[in-house]
Amino acid sequence: GDSVTQMEGPVTLSEEAFLTINCTYTATGYPSLFWYVQYPGEGLQLLLKATKADDKGSNKGFEATYRKETTSFHLEKGSVQVSDSAVYFCALTSGTYKYIFGTGTRLKVLA
Amino acid sequence: DAGVIQSPRHEVTEMGQEVTLRCKPISGHNSLFWYRQTMMRGLELLIYFNNNVPIDDSGMPEDRFSAKMPNASFSTLKIQPSEPRDSAVYFCASSLDGVGEYGYTFGSGTRLTVV
């Protein structure tokens, strides 16, 4: 079945450091890929998405490119801020209502 | 738009009591989902409604759990009787469609503690 694998956390960075959170997937067909962010005490928020190969999703300085050849959708940000501290979830859907979520990666940014 | 509204934010109850969680989806969204989040299991889809009709309840843990959506603007998740292992954060989410392409909008969740 479809699956999403994220890098283990927590990831601890200093402010203004470069961020990469790895995400790889297994799916039949051509899934749509998503990154969600969960701030403490809140629900998940859609951060960005890509619906076909080579698409780049971007939002709030975060980017991720849909790489079909490597089945990856890594999240990147050039300069993180303390306010980016949260849990990040990679997810996919293969054209149905069912999302497959990764286990989440906790990011902690230190001032 | 106020987003997806859940109530209560926190619920502490004794084992054996009935618990009702409430959700108001975003107006115009025709799909509604109930999720449970725990450290051990992560995010689990409990039930999916489309146009107020339950489409998939295969994730509902057992008969103690039930969910209703009497109209497009309101849904409930009920646990009766509650048990300590039901302690978790329960999220409601809604979507423009049932295909997931537009992403989900999640509520802030209800943190349930059963003692």
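The structure we're discussing is the one just above.
Residues numbered from 1 in each chain as written. Chains lettered and ligands numbered in written order. Predicted model: local features only at pLDDT ≥ 70, side-chain atom pairs only at ≥ 80, totals over all residues. Heavy atoms only, no water.

Visitor: Explain the interface of chain A and chain B here, please?
Guide: The extent of an interface is frequently quoted as the accessible surface area lost upon association of the parts. Across the boundary between the two partners, chain A contributes 19 residues, which contact 20 residues of chain B. Buried area between chain A and chain B, summed over both chains or domains, comes out near 1,500 Å², and the portion from carbon and sulfur atoms is 53%. On the chain A side of the interface with chain B, the three residues burying the most area are Leu44, Tyr97 and Phe101 of chain A, jointly 37% of the side's total. For the pair chain A and chain B, the number of links is six residue pairs in polar contact (both at pLDDT 80 or more). Mapped by element, the contributors of at least two residues to the side of chain A that touches chain B are strand 5 (32-38), strand 6 (44-50) and strand 10 (86-93) of chain A. Per-element accounting of the side of chain A that touches chain B gives the leading share, four residues, to strand 5 of chain A. Looking at the side of chain A that touches chain B residue by residue, the class counts come to eight nonpolar, eight polar and three charged. (Contact = heavy atoms within 4.5 Å. Buried area = accessible area lost by both parts, 1.4 Å probe. Polar contact = N/O pair within 3.5 Å; in protein donor to acceptor, adjacent residues only side chain to side chain. Helix = DSSP H or I, 4+ residues; strand = E, 2+ residues; numbered from the N terminus. Nonpolar A, V, L, I, M, F, W, Y, C, P; charged D, E, K, R; others polar.)

Visitor: Would you mind showing me how to read the state of the cysteines here?
Guide: A disulfide bridge is the covalent bond that connects two cysteines by way of their sulfur atoms. This model, assessed by the stated rule, comprises two disulfides over all chains. Shown here is the disulfide that connects Cys23 of chain A with Cys90 of chain A, its sulfur atoms set 2.0 Å apart. Linking Cys23 of chain A and Cys90 of chain A, the disulfide has an S-S dihedral of approximately -70° and is accordingly described as left-handed. With Cys23 of chain A in strand 4 (residues 23-26) and Cys90 of chain A in strand 10, the pair connects residues that are 67 residues apart, well separated along the chain. No difference in accessibility class separates Cys23 of chain A from Cys90 of chain A, as the two residues are buried. For Cys23 of chain B, the disulfide goes to Cys92 of chain B, at an S-S distance of 1.9 Å. (Disulfide = S-S within 2.5 Å. Buried < 20%, exposed > 50% of the residue type's maximum accessible area, 1.4 Å probe, protein only.)

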